[in-house]
Amino acid sequence: MTGQALPCFVTRPLAPPPWPGLLVIHEGNGISPQLLRVCERLADVGYATVAPDLFFRSGGSEAADYGTLIGALRPDELRADLTEAHGRLRALGADRIGITGFCLGGTITYRAARWGLDLAAAAPFYGGHIATELGPVACPLLLFFGGTDEYIPPKAIEKVRGTHPDVVVYPEAGHGFMRDGSSNYDATAAADAWARLLAFFAQHLRE
(Lines give C-alpha, C1' and ligand atoms only; values in the text may rest on other atoms or scores of the structure.)
Protein backbone atom coordinates (compact mmCIF):
# COMPACT_ATOMS: atom_id res chain seq x y z
CA MET A 1 0.00 0.00 0.00
CA THR A 2 2.64 2.50 -1.01
CA GLY A 3 1.59 6.10 -1.11
CA GLN A 4 -1.16 5.71 1.47
CA ALA A 5 -1.14 8.18 4.35
CA LEU A 6 -0.55 6.75 7.82
CA PRO A 7 -3.97 6.19 9.45
CA CYS A 8 -4.15 7.43 13.03
CA PHE A 9 -6.72 7.72 15.78
CA VAL A 10 -6.41 11.18 17.34
CA THR A 11 -7.78 12.60 20.58
CA ARG A 12 -7.44 16.12 21.96
CA PRO A 13 -8.09 17.60 25.40
CA LEU A 14 -10.93 20.09 25.73
CA ALA A 15 -8.49 22.85 26.75
CA PRO A 16 -6.68 24.72 23.96
CA PRO A 17 -3.06 23.85 23.12
CA PRO A 18 -0.28 23.62 23.96
CA TRP A 19 -0.67 20.31 25.76
CA PRO A 20 1.59 17.35 26.35
CA GLY A 21 1.21 14.65 23.71
CA LEU A 22 1.41 10.87 23.72
CA LEU A 23 1.97 8.30 21.03
CA VAL A 24 -0.10 5.22 21.89
CA ILE A 25 1.04 2.02 20.19
CA HIS A 26 -1.29 -0.91 19.60
CA GLU A 27 -0.98 -4.56 20.52
CA GLY A 28 -0.37 -7.40 18.10
CA ASN A 29 -4.10 -7.46 17.35
CA GLY A 30 -3.86 -3.95 15.92
CA ILE A 31 -6.10 -0.96 16.55
CA SER A 32 -8.75 -2.11 19.02
CA PRO A 33 -11.64 -0.60 21.04
CA GLN A 34 -9.51 -1.00 24.16
CA LEU A 35 -6.72 1.08 22.65
CA LEU A 36 -9.16 3.80 21.65
CA ARG A 37 -10.53 3.87 25.20
CA VAL A 38 -6.98 4.37 26.50
CA CYS A 39 -6.56 7.33 24.14
CA GLU A 40 -9.86 8.84 25.24
CA ARG A 41 -8.95 8.43 28.92
CA LEU A 42 -5.63 10.17 28.31
CA ALA A 43 -7.38 13.05 26.53
CA ASP A 44 -9.73 13.38 29.50
CA VAL A 45 -6.74 14.07 31.75
CA GLY A 46 -5.12 16.56 29.40
CA TYR A 47 -3.01 14.67 26.85
CA ALA A 48 -3.33 14.85 23.08
CA THR A 49 -2.85 11.37 21.62
CA VAL A 50 -2.02 9.87 18.26
CA ALA A 51 -2.43 6.10 17.83
CA PRO A 52 -1.07 5.02 14.41
CA ASP A 53 -2.20 1.84 12.66
CA LEU A 54 1.20 0.33 12.04
CA PHE A 55 -0.34 -2.50 9.99
CA PHE A 56 -1.75 -0.17 7.33
CA ARG A 57 0.74 -1.24 4.66
CA SER A 58 -0.64 -4.77 4.97
CA GLY A 59 -4.23 -3.60 4.68
CA GLY A 60 -4.97 -2.62 8.28
CA SER A 61 -5.50 -4.28 11.60
CA GLU A 62 -8.06 -6.81 10.34
CA ALA A 63 -6.41 -7.68 7.03
CA ALA A 64 -4.70 -10.89 8.21
CA ASP A 65 -3.76 -12.85 11.31
CA TYR A 66 -1.55 -11.03 13.76
CA GLY A 67 1.48 -13.20 13.04
CA THR A 68 1.37 -12.24 9.36
CA LEU A 69 0.87 -8.55 10.15
CA ILE A 70 3.69 -8.43 12.69
CA GLY A 71 5.97 -10.33 10.35
CA ALA A 72 5.41 -7.76 7.62
CA LEU A 73 6.68 -4.86 9.76
CA ARG A 74 10.00 -3.45 8.59
CA PRO A 75 12.23 -1.48 10.99
CA ASP A 76 12.84 1.36 8.56
CA GLU A 77 9.14 1.78 7.80
CA LEU A 78 8.25 1.47 11.48
CA ARG A 79 10.67 4.21 12.40
CA ALA A 80 9.34 6.42 9.60
CA ASP A 81 5.75 5.86 10.76
CA LEU A 82 6.59 6.73 14.37
CA THR A 83 8.38 9.85 13.17
CA GLU A 84 5.32 10.85 11.14
CA ALA A 85 2.96 10.21 14.08
CA HIS A 86 5.27 12.26 16.30
CA GLY A 87 5.11 15.10 13.77
CA ARG A 88 1.32 14.98 13.80
CA LEU A 89 1.34 15.47 17.58
CA ARG A 90 3.62 18.47 17.15
CA ALA A 91 1.29 19.88 14.48
CA LEU A 92 -1.67 19.50 16.85
CA GLY A 93 0.12 21.69 19.38
CA ALA A 94 1.87 19.19 21.64
CA ASP A 95 4.94 20.67 23.31
CA ARG A 96 6.42 17.65 25.10
CA ILE A 97 5.79 14.16 23.74
CA GLY A 98 5.91 10.74 25.36
CA ILE A 99 5.03 7.24 24.23
CA THR A 100 3.29 4.18 25.64
CA GLY A 101 2.20 0.88 24.14
CA PHE A 102 1.04 -2.63 24.91
CA CYS A 103 2.37 -6.07 23.94
CA LEU A 104 3.82 -5.50 20.46
CA GLY A 105 3.34 -1.83 21.23
CA GLY A 106 5.38 -2.25 24.39
CA THR A 107 8.32 -3.54 22.38
CA ILE A 108 7.90 -0.73 19.84
CA THR A 109 7.70 1.83 22.65
CA TYR A 110 11.03 0.54 23.94
CA ARG A 111 12.55 0.71 20.46
CA ALA A 112 11.36 4.29 20.09
CA ALA A 113 13.10 5.20 23.34
CA ARG A 114 16.29 3.60 22.04
CA TRP A 115 15.99 5.33 18.66
CA GLY A 116 16.02 8.79 20.23
CA LEU A 117 12.75 9.99 18.71
CA ASP A 118 12.69 13.33 20.62
CA LEU A 119 10.68 11.79 23.43
CA ALA A 120 10.40 13.12 26.98
CA ALA A 121 9.33 9.75 28.48
CA ALA A 122 8.44 6.18 27.49
CA ALA A 123 6.28 3.61 29.30
CA PRO A 124 6.12 0.14 27.69
CA PHE A 125 3.63 -2.48 28.87
CA TYR A 126 4.61 -6.18 28.65
CA GLY A 127 6.79 -5.89 25.56
CA GLY A 128 7.82 -9.43 24.75
CA HIS A 129 11.08 -8.64 22.96
CA ILE A 130 12.48 -5.98 25.25
CA ALA A 131 14.76 -8.44 27.05
CA THR A 132 16.45 -9.35 23.75
CA GLU A 133 16.92 -5.74 22.62
CA LEU A 134 18.37 -4.12 25.73
CA GLY A 135 20.52 -1.04 25.38
CA PRO A 136 20.77 2.64 26.26
CA VAL A 137 17.64 4.78 25.98
CA ALA A 138 17.33 8.49 25.24
CA CYS A 139 14.55 9.34 27.71
CA PRO A 140 13.18 8.32 31.13
CA LEU A 141 11.66 4.85 31.07
CA LEU A 142 9.04 3.06 33.21
CA LEU A 143 8.27 -0.57 32.33
CA PHE A 144 5.28 -2.70 33.33
CA PHE A 145 5.03 -6.50 33.40
CA GLY A 146 2.75 -9.21 34.74
CA GLY A 147 4.36 -11.79 36.98
CA THR A 148 2.42 -14.68 35.42
CA ASP A 149 2.86 -13.56 31.80
CA GLU A 150 3.00 -16.73 29.70
CA TYR A 151 5.04 -14.96 27.02
CA ILE A 152 7.58 -13.17 29.23
CA PRO A 153 9.21 -15.40 31.85
CA PRO A 154 10.49 -14.00 35.17
CA LYS A 155 14.11 -14.41 34.03
CA ALA A 156 13.44 -12.09 31.09
CA ILE A 157 11.87 -9.49 33.37
CA GLU A 158 14.85 -9.65 35.72
CA LYS A 159 17.17 -9.23 32.75
CA VAL A 160 15.29 -6.06 31.82
CA ARG A 161 15.49 -4.84 35.42
CA GLY A 162 19.25 -5.33 35.32
CA THR A 163 19.50 -2.67 32.61
CA HIS A 164 16.51 -0.50 33.50
CA PRO A 165 15.69 -0.54 37.23
CA ASP A 166 12.35 1.27 36.94
CA VAL A 167 10.33 -1.90 36.39
CA VAL A 168 6.91 -2.57 37.93
CA VAL A 169 5.81 -6.22 38.17
CA TYR A 170 2.33 -7.32 39.26
CA PRO A 171 2.90 -10.83 40.64
CA GLU A 172 -0.60 -12.17 39.96
CA ALA A 173 -1.20 -10.44 36.63
CA GLY A 174 -0.69 -12.05 33.23
CA HIS A 175 -0.11 -10.79 29.72
CA GLY A 176 -2.59 -8.14 28.66
CA PHE A 177 -3.62 -7.17 32.19
CA MET A 178 -4.54 -3.66 30.95
CA ARG A 179 -6.91 -5.03 28.29
CA ASP A 180 -10.28 -4.22 29.83
CA GLY A 181 -13.18 -6.33 28.63
CA SER A 182 -10.97 -9.41 28.12
CA SER A 183 -10.25 -12.48 30.22
CA ASN A 184 -6.70 -11.17 30.70
CA TYR A 185 -7.83 -8.00 32.43
CA ASP A 186 -6.66 -7.57 36.02
CA ALA A 187 -8.58 -4.68 37.54
CA THR A 188 -6.28 -4.24 40.54
CA ALA A 189 -3.08 -4.26 38.51
CA ALA A 190 -4.61 -2.05 35.81
CA ALA A 191 -5.76 0.59 38.29
CA ASP A 192 -2.37 0.76 39.97
CA ALA A 193 -0.52 0.83 36.63
CA TRP A 194 -2.76 3.62 35.35
CA ALA A 195 -2.04 5.75 38.42
CA ARG A 196 1.70 5.12 38.08
CA LEU A 197 1.56 5.87 34.34
CA LEU A 198 -0.15 9.22 34.88
CA ALA A 199 2.27 10.18 37.65
CA PHE A 200 5.23 9.27 35.44
CA PHE A 201 3.99 11.28 32.49
CA ALA A 202 3.02 14.22 34.72
CA GLN A 203 6.58 14.28 36.06
CA HIS A 204 8.26 14.25 32.66
CA LEU A 205 5.74 15.92 30.35
CA ARG A 206 4.19 18.59 32.55
CA GLU A 207 6.95 19.84 34.86
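Here, the structure is the one placed above.
Residues numbered from 1 in each chain as written. Predicted model: local features only at pLDDT ≥ 70, side-chain atom pairs only at ≥ 80, totals over all residues. Heavy atoms only, no water.

## Points about helix H1 (residues 33-44)
When the terminal C-alpha atoms of H1 are compared, their 16 Å separation across 12 residues agrees well with the 16 Å that a helix rising 1.5 Å per residue should span. Looking only at H1, the buried set comprises Gln34, Leu35, Val38, Cys39, Leu42 and Ala43. (Helix = DSSP H or I, 4+ residues; strand = E, 2+ residues; numbered from the N terminus. Expected span 1.5 Å × (residues − 1). Buried < 20%, exposed > 50% of the residue type's maximum accessible area, 1.4 Å probe, protein only.)

## Some thoughts on the side chain of Thr49
With respect to the helices, strands and loops of the structure, Thr49 is situated in strand S3 (residues 48-52). Side-chain polar atoms of Thr49 contact the side chain of Thr11, separated by 2.5 Å. In contact with Thr49, not counting residues within four places along its chain, are Phe9, Val10, Thr11, Leu22, Val24, Cys39, Leu42 and Leu89. (Polar contact = N/O pair within 3.5 Å; in protein donor to acceptor, adjacent residues only side chain to side chain. Contact = heavy atoms within 4.5 Å.)

## Concerning the environment of Cys139
Take Cys139: it is sitting in the loop between strand S5 (121-125) and strand S6 (143-146). In this structure the C-alpha to C-alpha distance between Cys139 and Leu36, which are 103 residues apart in sequence, comes to 25 Å. In contact with Cys139, other than residues within four places in its own chain, are Ala113, Leu119, Ala120, Ala121 and Ala122.

## Considerations on unusual backbone geometry
With an omega of 5 degrees, the peptide bond running from Pro17 to Pro18 counts as cis. Within the secondary structure layout, Pro18 lies in the loop between strand S1 (8-11) and strand S2 (19-25). Within the chain, Cys103 stands out as a residue other than glycine whose phi angle is a positive 60 degrees. Tracing the sequence through the fold places Cys103 in the loop between strand S4 (94-102) and helix H4 (104-115).

## Examining the pairing of S3
Summarising burial for S3: five of the five residues are buried, a large majority. Direction of pairing for S1 relative to S3: antiparallel, over a ladder of four bridges. In the sheet register, Val10 faces S3, and the bridge partner there is Val50. Where S2 meets S3, three bridges bridge the pair, whose relative direction is parallel. Bridge assignment links Gly21 to a residue of S3, and that residue is Ala48. (Pairing = 2+ DSSP bridges.)

## So, the side chain of Arg179
For Arg179, the location among the structural elements is in the loop between strand S7 (167-170) and helix H6 (187-206). Not counting chain neighbours up to four residues away, the residues in contact with Arg179 comprise Glu27, Gln34, Tyr126, Asn184 and Tyr185.

## With respect to the packing of aromatic side chains
A full pass over the atoms with the stated rule returns nine aromatic pairs. Taking the centre distance of 5.4 Å and the plane angle of 70 degrees together, the rings of Tyr170 and Phe177 count as edge-to-face. One aromatic cluster is present, built from ring pairs that chain together Phe102, Phe125, Tyr126, Phe144, Tyr170 and Phe177. A cation sits over an aromatic face here: Arg41 above Trp194, 3.8 Å from the ring centre. Sitting above the plane of the Tyr47 ring, Arg206 keeps its charged end 4.4 Å from the centroid. (Phe/Tyr/Trp six-rings, centres within 6.5 Å; stacked < 30°, edge-to-face > 60°. Lys NZ or Arg CZ within 6 Å of the ring centre and 35° of its normal.)

## Overview of the layout of surface pockets
By volume, the largest pocket is sized at about 570 Å³. Looking at the largest pocket, it is lined by 24 residues, and the ones nearest its centre are Gly28, Tyr66, Ile70, Cys103 and Leu104. Going through the elements one at a time, helix H2 (66-71), helix H3 (75-92) and H4 are the ones with two or more residues in the lining of the largest pocket. The element contributing the most residues to the lining of the largest pocket is H4, with four residues. For the lining of the largest pocket, the residue count by class is 11 nonpolar, eight polar and five charged. (1 Å grid on protein atoms, 1.4 Å probe; cavity = no way out; pocket = protein on both sides within 12 Å on 5 of 7 lines; lining within 4 Å. Points joined across faces, edges and corners; volume = space filled by probe spheres on them. Nonpolar A, V, L, I, M, F, W, Y, C, P; charged D, E, K, R; others polar.)

## Remarks on the environment of Pro7
Structurally, Pro7 can be placed in the segment before S1. Since its relative accessible area comes to 29%, Pro7 is described here as partly exposed. Separated by 48 residues in sequence, Pro7 and Phe55 have C-alpha atoms that sit 9.4 Å apart. Not counting residues up to four positions away in its chain, the partners in contact with Pro7 are Ala51, Pro52, Asp53 and Phe56.

Geometry only, nothing functional implied.
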